[in-house]
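Working through the structure, step by step
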Amino acid sequence: MPVDTELVPIENPSALNVILGQTHFIKTAEDVHEALVGAVPGIHFGVAFCEASGPCLVRVEGNAEDLKSLAAKNALAVGAGHFFIVFLRDAFPINVLRALRDVPEVVNGERTKGVEGAKERQDRISFLRKIGYKLG
């Protein structure tokens, strides 16, 4: 099956601070909301999360209607499951990134370093068998 890649510009007319991320699970929008409110007193934000199963809706939370609308519009334009976007006012990303990384369903990782070899494949399979998963 061919895969098409499309560059989707993020609409940000007021040059707000924006955070793009990857996450999963329907409770993400509420958990990110709680993390942001707890990270910076007086923060204003909108967060939107693209659900990847069930009704596949854009889930929206925040405390500023204009930022919620902007986040929802951009998330819908991107349309990629497990994607989230946060628009911030009265705070900077550096003030909230630790709190966002602490949200259990937010994916945080490193750049891929290569392709697994035979040993890494065997280690992966052994780990999966140990926790009850089967290949195939």
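Here goes a summary of the coordinates provided. From a predicted model like this one, the values you see are computed outputs, not experimental measurements.

A word on unusual backbone geometry. The backbone phi angle of C56 is positive, close to 55°, even though this residue is not glycine. Judged by relative accessible area, C56 falls into the partly exposed class, the value being 44%. For H82, which is not a glycine, the phi torsion comes out positive at approximately 75°. Assessed through its relative accessible area of 32%, H82 is described here as partly exposed.

Along the chain, N74 turns up in helix α2 (residues 65-78). A relative accessible area of 3% means that N74 is categorised as buried. At 2.9 Å, the side chain of N74 and the backbone oxygen of L70 are in polar contact. Among all residues touching N74, those that are not within four sequence positions of it are P9, I10, E11, I85 and F87.

Where helix α1 (residues 28-39) contacts helix α3 (residues 93-101), the two axes come as close as 9 Å, and the packing angle between them is 135°. When the interaxial angle is binned, α1 and α3 end up oblique. Crossing geometry of α1 relative to α3 is assigned as right-handed. Of α3, the residues touching α1 (which contributes V32, A35, L36 and A39) are N95, V96, A99 and L100. A class-by-class count of the residues in the contact of α1 with α3 yields 7 nonpolar, 1 polar and no charged.

For sheets, the rule is that strands pair by backbone hydrogen bonds, running either parallel or antiparallel. Taken together, 4 strands build an open sheet; the order of strands is β1-β4-β2-β3 and the sheet is antiparallel. Across the chains shown, the open sheet's two edge strands, defined by having one partner strand only, are β1 (17-22) and β3 (58-62). Strand-to-strand twist of the sheet, defined as the mean angle between neighbouring strand axes without regard to direction, takes the value 15°. Relative to strand β4 (residues 83-89), strand β2 (residues 44-50) runs antiparallel, the two sharing 6 bridges. Within the sheet, the bridge partner assigned to A48 lies in β4 and is I85. Docked against the sheet, α1 engages β2, β3 and β4, running at close to 155° with respect to β2.

Reading guide: rules and limits
Residues numbered from 1 in each chain as written. Predicted model: local features only at pLDDT ≥ 70, side-chain atom pairs only at ≥ 80, totals over all residues. Heavy atoms only, no water. Buried < 20%, exposed > 50% of the residue type's maximum accessible area, 1.4 Å probe, protein only. Helix = DSSP H or I, 4+ residues; strand = E, 2+ residues; numbered from the N terminus. Polar contact = N/O pair within 3.5 Å; in protein donor to acceptor, adjacent residues only side chain to side chain. Contact = heavy atoms within 4.5 Å. Axes fitted to C-alpha atoms, helices over the stretch in contact; angles between N-to-C directions. Parallel < 35°, antiparallel > 145°, perpendicular 65-115°, else oblique. Left-handed = near helix turned anticlockwise from the far one by under 90°. Nonpolar A, V, L, I, M, F, W, Y, C, P; charged D, E, K, R; others polar. Pairing = 2+ DSSP bridges.

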